[in-house]
Amino acid sequence: MSTELERYHILSVLVQNRPGVLARVAGLFARRDFNIYSLAVAPAEDDGFSRITIVVDVESTPLEQITKQLFKLIEVVKISELDPRRSVERELLLATVRANPDQRGQVIELVNVFEGKILAVGTDAVTVSLDGYPAQLDDFEALLAGYGIVELQRTGRVALPKLDREARLRAVNNPGKAG
Amino acid sequence: MKLTGAQALIKSLELEGTEVIFGLPGGCILPAYDPLLDSPIRHILVRHEQGAGHMAEGYAHVTGRPGVAMVTSGPAATNMVTPLMDAYMDSIPMVCITGQVSTGAIGTDAFQECDTVGITRSCTKHNELVMRPEDLPLAIRQAFHIATTGRPGPTLVDVPKDVLQNSMEWHWPTDQEVADSLPGYRPNMKGHGRMIKEAAKLILAAERPVLYVGGGILKARAAEALRELAELTGIHVVTTLMARGAFPDDHPLCLGMPGMHGNAAATTAMQRSDLLIALGARFDDRITGKVAGFAPQAKVIHVDIDPAEQGKVRRPDVPIVGDCRLVVEELIRVIRSMRSAGTEQADTGAWRSTISGWRELFPVAYEPSQPGEALKPQFCMEQLRDHAPEGTILVSGVGQHQMWASQYWNFTEPYSWVNSGGLGTMGFSVPAAIGAKVGRPDRTVWAVDGDGCFQMTAQELVTASVERIPVKVAILNNSYLGMVRQWQEMFYDERYSEVYLSPELPDFVKWAEAMGCVGIRVDSPEEVQPAIDKANAVDDRPVVVDFRVDAREKVFPMVPAGCSNDELILPHFQNKEQLA
Ligand SMILES: Cc1ncc(C[n+]2csc(CCOP(=O)(O)OP(=O)(O)O)c2C)c(N)n1
Ligand SMILES: [Mg+2]
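Everything numeric here is computed off the predicted structure, so don't read it as measured data.

Rules and cut-offs
Residues numbered from 1 in each chain as written. Chains lettered and ligands numbered in written order. Predicted model: local features only at pLDDT ≥ 70, side-chain atom pairs only at ≥ 80, totals over all residues. Heavy atoms only, no water. Near = heavy atom within 4 Å. Polar contact = N/O pair within 3.5 Å; in protein donor to acceptor, adjacent residues only side chain to side chain. Areas by Shrake-Rupley, 256 points an atom, 1.4 Å probe, with all protein chains shown as cover. Helix = DSSP H or I, 4+ residues; strand = E, 2+ residues; numbered from the N terminus. Domains from an automatic or database assignment. Contact = heavy atoms within 4.5 Å. Buried area = accessible area lost by both parts, 1.4 Å probe. Salt bridge = Lys/Arg side-chain N within 4 Å of Asp/Glu carboxyl O. Donors = N, O, S within 2.8 Å, 3.2 Å for Na, K, Ca; no water. Buried < 20%, exposed > 50% of the residue type's maximum accessible area, 1.4 Å probe, protein only. Pairing = 2+ DSSP bridges. Axes fitted to C-alpha atoms, helices over the stretch in contact; angles between N-to-C directions. Patch = residues over 30% accessible without salt bridge, like charges linked within 9 Å, V, L, I, M, F, W, Y side chains within 5 Å. Disulfide = S-S within 2.5 Å. Parallel < 35°, antiparallel > 145°, perpendicular 65-115°, else oblique. Nonpolar A, V, L, I, M, F, W, Y, C, P; charged D, E, K, R; others polar. Core = buried A, V, L, I, M, F, W, Y, C linked by side-chain atoms within 4.5 Å. Phe/Tyr/Trp six-rings, centres within 6.5 Å; stacked < 30°, edge-to-face > 60°. Lys NZ or Arg CZ within 6 Å of the ring centre and 35° of its normal.

Some thoughts on the site of ligand 1
All names here are of chain B.
And then number 1: In the neighbourhood of ligand 1, 17 residues make up the surrounding shell, with His 401, Gly 424, Asp 451, Cys 453 and Gly 482 lying closest.
And then number 2: At 2.8 Å, a backbone N or O of Gly 452 approaches an oxygen atom of ligand 1.
And then number 3: A distance of 2.7 Å separates an oxygen atom of ligand 1 from a polar backbone atom of Cys 453.
And then number 4: Compared with its free state, where it exposes 580 Å², ligand 1 has 75% of that area covered by protein.
And then number 5: Of all elements in the fold, only α18 (400-408), α20 (451-457) and α22 (482-491) reach the threshold of two or more residues within the shell around ligand 1.
And then number 6: At 4 residues, the largest contribution of residues to the shell around ligand 1 is made by α20.

Dropping the structure here:
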């Protein structure tokens, strides 16, 4: 088994913000049988561009094929591969957990330990949130499961390079567009 | 200057140099057909939109200019899907304009609405829905630019009816504006200098090199450069199905077509080589056979303008991203200067004589018919080849006849062969031949078709008759879906399932005549040449020749699907042991 660090790579893809661009990216992954582990999109700092953060599974397809095929999409302007060891990653988790009055205290304690938040309290359930490293969220989710998860939603990770050393954004060399 | 969107569309097409549009109107595209009446652009009214698409492809194949098709929304757009995919697979530059329901109706399941951009996303290089008339000129410029640069391919512009009807202030975008609008699109033309040097070293050191030439050489208009490279180094050339004509078949270094139905010398030379110089070729499974067993001792130099082709199937030792012509020309310069600096080329003498031996022992061949026996399809191809006028363009359908066409024709110049390689689209040949004839009216255009293929798009011969486009069609009529029959015979114990068409129906001669063509039927070998001569003499209308050929003929050599190229099957009268 490859480790998670080897298996999942984070691509930060700068695209022209045009109708259908997300469909193109998603369609490409489906059509070429590439695996997306998670995907998040939002407008980028420059007007007219969006940043798509994709966590890809490179166990079945070499990363190089994925980036080259992505570059063939006309709207893709830049692709950066983020090394998980040299980037800051965050993900947000929202969950509604069963918690009758007896258990409520335990759930709140758990949330506090993780430095999460209580968003709403009902008679026999609470809604909680946590943002943090994806691995932290995994642990939190596993512990919540013991109480019974009613609903859970995670955003998928977003990432930026760490600032502390020289720029960590390793731009994937655009080998030239060909279509 | 105020123009309607429709006027702006037609004007944009004119400014892009469009001389002909293949199309068929309908509700949503109607506004664009009005200014077309006043335009110098010729319009060819097809009988089915698929025909328009393949005509545009045939036109692009022989001229190198983008073919243009224009159709309405909904069913017309979906009829265009096959030609778009065909053009995408074979990297054919093509621009397709589709009508769309008005912007306000989009998403309401309006009459003849379909998600054209969604449906064609994976069968175009790029597509775009234009929502404002003022955006039309830029969208058209982008469509032509993207279709014709880098790795060519089809593009589609979807235009809602009200966008055609509303008016706009005319503005023709500059090259700079087009470039600025496509910040992520910068095809890399020039190969990497260090890589080209590496390649030159490998070429000079190789003892068993082969130039593996694909359709990209033709797209890059690099046939002359290829010839110079081959002659400079004395390296043999194989031309894939997409590259037939890129290197003359009668050249002593030409090995012809390799692969599943390639000749034994071409396929085996690749298989045993120590260096494959792949130029604009994509290691298709029809070439490689089982990838794990393909050319096991060969190092690979891979020149392709599409970076994603590098390493997609076979990891190259020297990848070179760039335009084939520029790279080959640079390669020639580097090899010359290395030689004058004293580097000697390895001795390829033994390899060359091995190859000559194979060529002598294993020509593509068939058993001629004895008197009274059925007509052989290969004989018809030979006769057609020997009696075709100089400069004839050959177009083919998909099936056994296509392989015989490629095997038996003598290709002497580039852009004289038009076929559907990657998608293998039955029904391609008749409309593609029409498009080719429109692009090269000075040339004779012969389509070689199957009886199955012909029935898929034959109606376009009506278009050809009405528009006075005198193409010629040779049907190698074996009453079968012959290629499928061959697989059932060889790999399914002769259990023939749904491959028998009909020896009686249709009556191709009557059908041809009903479509305004000359129809000729040929049953015996003696009738073949007179029929071809008669067909060649007709120049005012299309001709269809129905060659009634032996249904039992199979295409050889053959590498069964999924097998290694070492396992190729020769015709029974050739001895494979001599291939050792
Ligand atoms: C549109 C389409 N449908 C099915 C096929 C599968 N197919 C490949 S060759 C072939 C037989 C073609 O028959 P015919 O045109 O008579 O040519 P022949 O092989 O007999 O020369 C078929 C059905 C195809 N290539 N294209
Ligand atoms: Mg047939």
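Having seen the structure, we can now continue with the description.
A few points about the domain arrangement of chain A
Residues and elements named next belong to chain A.
And then number 1: According to the domain assignment, chain A consists of domain 1 (4-81) and domain 2 (88-158).
And then number 2: Between the C-alpha centres of domain 1 and domain 2 there is a distance of 29 Å.
And then number 3: Domain 1 puts 8 residues into the contact, and the matching count from domain 2 is 5 residues.
And then number 4: Summing both sides of the interface, domain 1 and domain 2 together bury roughly 480 Å²; the carbon and sulfur share of this comes to 57%.
And then number 5: Put simply, domain 1 and domain 2 have 0 salt bridges between them.
And then number 6: On inspection of domain 1 and its partner domain 2, the count reaches 0 residue pairs in polar contact (both at pLDDT 80 or more).
And then number 7: Among the elements of the structure, β2 (35-43) and β3 (49-57) are those that each provide at least two residues to the side of domain 1 that touches domain 2.

A look at the coordination of the magnesium ion (ligand 2)
And then number 1: Here the magnesium ion (ligand 2) is held by the protein donor atoms Asp 451 of chain B (OD), Asn 478 of chain B (OD1) and Tyr 480 of chain B (O), which lie 2.0 to 2.1 Å from it.
And then number 2: The class of Tyr 480 of chain B is buried, set by a relative accessible area of 16%.

Describing the sheet that holds strand β20 (residues 543-548) of chain B
All names here are of chain B.
And then number 1: Overall, parallel pairing links the 6 strands, which are arranged β16-β15-β17-β18-β20-β19 in an open sheet. Of all the strands in the sheet, the pair left with one neighbour each is β16 (417-418) and β19 (518-522).
And then number 2: One ladder, built from 4 bridges, connects strand β15 (residues 393-396) with strand β17 (residues 445-450); its direction is parallel. Counted as the bridge partner of Leu 394 is Trp 446 from β17.
And then number 3: Sitting on the sheet, α18 is in contact with β15, β16, β17 and β18 (472-477), with an inclination near 140° to β17.

Considerations on a nonpolar patch on the surface
And then number 1: Taken together, the side chains of Leu 92, Leu 94 and Leu 119 of chain A make up a nonpolar region of the molecular surface, amounting to roughly 240 Å² of accessible area.
And then number 2: Locating Leu 92 of chain A in the fold gives a position in strand β5 (residues 87-98).

Regarding the state of the cysteines
Residues and elements named next belong to chain B.
And then number 1: Evaluation of the coordinates by the stated rule reveals 0 disulfides over all chains.
And then number 2: Counting only cysteine sulfurs, Cys 123 is the nearest neighbor of Cys 96, a cysteine outside any disulfide, at a range of 9.6 Å.
And then number 3: The closest cysteine sulfur to the non-disulfide-bonded Cys 254 is located on Cys 324, 17 Å from its own sulfur.

Structural notes on unusual backbone geometry
Residue and element names in this part refer to chain B.
And then number 1: With omega at -5°, the peptide bond leading from Leu 505 into Pro 506 counts as cis.
And then number 2: Going from Phe 556 to Pro 557, the amide bond is cis rather than trans, its omega being -5°.
And then number 3: Despite not being glycine, Arg 221 shows a phi value in the positive range, around 50°.
And then number 4: In this structure, Arg 221 sits in the loop between α11 (216-219) and α12 (223-233).
And then number 5: Of note, the phi angle at Phe 283 is positive, near 55°, even though the residue is not glycine.
And then number 6: The class for Phe 283 is buried, based on a relative accessible area of 3%.

Quick notes on the packing of helix α3 (residues 49-63) of chain B against helix α5 (residues 81-89) of chain B
All names here are of chain B.
And then number 1: Close contact between α3 and α5 brings their axes to 7 Å; oriented N to C, the two are set at 20°. Comparing their axes, α5 and α3 come out roughly parallel. From α3, Gln 50, Gly 53, His 54 and Glu 57 reach across to α5, where they touch Thr 82, Pro 83, Asp 86 and Ala 87.
And then number 2: The class makeup of the residues in the contact of α3 with α5 is 2 nonpolar, 4 polar and 2 charged.

Focus: the interface of chain B and chain A
And then number 1: Taken together, the contact between chain B and chain A spans 27 residues of the former and 21 residues of the latter.
And then number 2: Interface area, chain B with chain A, both sides summed: about 2,000 Å², of which 51% is carbon and sulfur.
And then number 3: It is Arg 121, Gly 184 and Pro 307 of chain B in chain B that bury the most area against chain A; as a group they hold 25% of the surface buried on that side.
And then number 4: Connecting chain B to chain A are 3 salt bridges.
And then number 5: Close ionic contact of Glu 64 of chain A with Arg 315 of chain B constitutes a salt bridge, the shortest N to O distance being 3.8 Å.
And then number 6: On inspection of chain B and its partner chain A, the count reaches 7 residue pairs in polar contact (both at pLDDT 80 or more).
And then number 7: It is strand β6 (residues 126-129) of chain B that contributes the most residues to the side of chain B that touches chain A, 3 residues altogether.
And then number 8: Of the residues contributing to the side of chain B that touches chain A, the split by class is 10 nonpolar, 9 polar and 8 charged.

Digging into the nonpolar core
Residues and elements named next belong to chain B.
And then number 1: Formed by 47 residues in total, the largest nonpolar core has its most connected members in Phe 22, Met 80, Val 395, Phe 454, Leu 461, Val 473 and Val 544.
And then number 2: When residues of this core are sorted by domain, at least three fall in each of domain 1 (2-181) and domain 3 (377-548).
And then number 3: Counting residues in each nonpolar core, the second largest holds 42 residues, with Ala 225, Leu 253, Leu 275 and Leu 279 among its members.

Quick word on the packing of aromatic side chains
And then number 1: The tally for this structure, following the rule as stated, stands at 17 aromatic pairs over all chains.
And then number 2: An angle of 90° between the planes, with centres 6.0 Å apart, marks the rings of Trp 351 of chain B and Trp 358 of chain B as edge-to-face. Accessibility classification places Trp 351 of chain B together with Trp 358 of chain B in one group, the buried group.
And then number 3: Measuring from centroid to centroid gives 5.2 Å for Phe 411 of chain B and Trp 417 of chain B, while their planes differ by 65°, and the two rings are edge-to-face.
And then number 4: Using a relative accessible area of 5% as the deciding quantity, one classes Trp 417 of chain B as buried.
And then number 5: Among the aromatic side chains, those forming a connected cluster through ring pairs are Tyr 212, Phe 283 and Phe 294 of chain B.
And then number 6: One residue, Arg 90 of chain A, lies across the ring of Tyr 133 of chain A, its end atom 4.7 Å from the ring centre.

Comments concerning the domain arrangement of chain B
Accessible area lost during the coming together of the parts is what is often quoted as the interface size.
Residues and elements named next belong to chain B.
And then number 1: One can read the domain layout of chain B as domain 1 (2-181), domain 2 (193-361) and domain 3 (377-548).
And then number 2: If you average the C-alpha positions of domain 1 and of domain 2, the two centres end up 37 Å apart.
And then number 3: Across the boundary between the two partners, domain 1 contributes 10 residues, which contact 7 residues of domain 2.
And then number 4: Here domain 1 packs against domain 2, burying approximately 660 Å² in sum over the two surfaces, 56% of which is carbon and sulfur.
And then number 5: Connecting domain 1 to domain 2 are 2 salt bridges.
And then number 6: Here Arg 151 makes a salt bridge to Glu 309, at a shortest N to O gap of 2.8 Å.
And then number 7: Where domain 1 packs against domain 2, one counts 3 residue pairs in polar contact (both at pLDDT 80 or more).
And then number 8: Of the residues belonging to the side of domain 1 that touches domain 2, the class tally is 3 nonpolar, 5 polar and 2 charged.

Things to note about the pairing of strand β7 (residues 125-132) of chain A
All names here are of chain A.
And then number 1: The element β7 is largely enclosed, with a buried count of 6 among its 8 residues.
And then number 2: Relative to β7, β5 runs antiparallel, the two sharing 8 bridges. From the neighbouring strand, Leu 93 faces β7, where its bridge partner is Leu 130.
And then number 3: In the sheet, strand β6 (residues 117-121) pairs with β7 via 4 bridges, with the strands oriented antiparallel. Across the sheet, residue Lys 117 finds its bridge partner in β7, namely Ser 129.
And then number 4: Hairpin connection of β6 to β7: 3 residues between the antiparallel strands.

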